[in-house]
Amino acid sequence: QVQLVESGGGLVQDGGSLRLSCAVSGRTFSSYIMGWFRQAPGKEREFVAGITWSGGNTYYADSVKGRFTISRDNAKSTGYLQMNSLKLEDTAVYYCAATLDTSTWRVGPRAYDYWGQGTQVTVSS
């Protein structure tokens, strides 16, 4: 079993920055994709960014491209989502997730096998 634990959420002003972390523990795999998703009230869970754990290749949703950066520290078994220039519409619960399917980028939540509990990000005006 794989455990994912997010941290780093909070309240930030419009235009501010936050960095989310996702600590991975339990059974580990040499190759998987870590994804970040978010879900705002009344909306579906949406893909934000993904990174291949072994190669560090990244993929972003258009809505965050140029503002968010996904990264990982293999030694610490931790993934990160650096969020800059935050907007009101970025307010959501953010989840990290992992999928063992590395054949292509998966943006649908159903493709991910493991999930964290989520961390709230609130952007205020």
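See the structure printed just above.
Here the structure is a predicted model, which is why all the values come from computation and not from measurement. (Residues numbered from 1 in each chain as written. Predicted model: local features only at pLDDT ≥ 70, side-chain atom pairs only at ≥ 80, totals over all residues. Heavy atoms only, no water.)

Draft legend 1. The arrangement of the nonpolar core in detail. If you look at the biggest cluster of nonpolar residues, it comprises 35 residues, and the most contacted ones within it are Leu4, Trp36, Val48, Phe68, Leu81, Met83 and Tyr94. Elements supplying a minimum of two residues to this core: strand 1 (2-7), strand 3 (18-26), strand 4 (33-39), strand 5 (46-52), strand 7 (68-73), strand 8 (78-83), strand 9 (92-99) and strand 11 (119-124). Top element by residues in this core is strand 9. It accounts for 5 residues. Ignoring sequence-local partners within four residues, the contact set of Phe68 consists of Arg38, Val48, Tyr60, Leu81, Gln82, Met83, Asn84, Leu86, Asp90 and Tyr94. (Core = buried A, V, L, I, M, F, W, Y, C linked by side-chain atoms within 4.5 Å. Buried < 20%, exposed > 50% of the residue type's maximum accessible area, 1.4 Å probe, protein only. Helix = DSSP H or I, 4+ residues; strand = E, 2+ residues; numbered from the N terminus. Contact = heavy atoms within 4.5 Å.)

Draft legend 2. Representation of the sheet that holds strand 8. If you trace the 4 strands from one edge of the open sheet to the other, you get 1-3-8-7, paired in antiparallel fashion. The open sheet has two free edges, formed respectively by strand 1 and strand 7, since each of these has just one partner strand. On average, each strand axis in the sheet is tilted by 15° relative to the strand beside it, whichever way the strands run. Pairing of strand 7 with strand 8 involves 6 bridges; the strand directions are antiparallel. Within strand 8, the position partnered with Ile70 by the bridge is Leu81. (Pairing = 2+ DSSP bridges. Axes fitted to C-alpha atoms, helices over the stretch in contact; angles between N-to-C directions.)

Draft legend 3. Expanded view of the state of the cysteines. Under the defined criterion, the tally for this structure stands at 1 disulfide. Through a disulfide, Cys22 is tied to Cys96; the S-S separation comes to 2.0 Å. Taking the sign of the S-S torsion, 60° for the link of Cys22 and Cys96, the bridge is right-handed. Taken together, the positions of Cys22 in strand 3 and Cys96 in strand 9 put the pair 74 residues apart, joining distant regions of the chain. On the accessibility criterion, Cys96 (0% relative accessible area) is buried. (Disulfide = S-S within 2.5 Å.)

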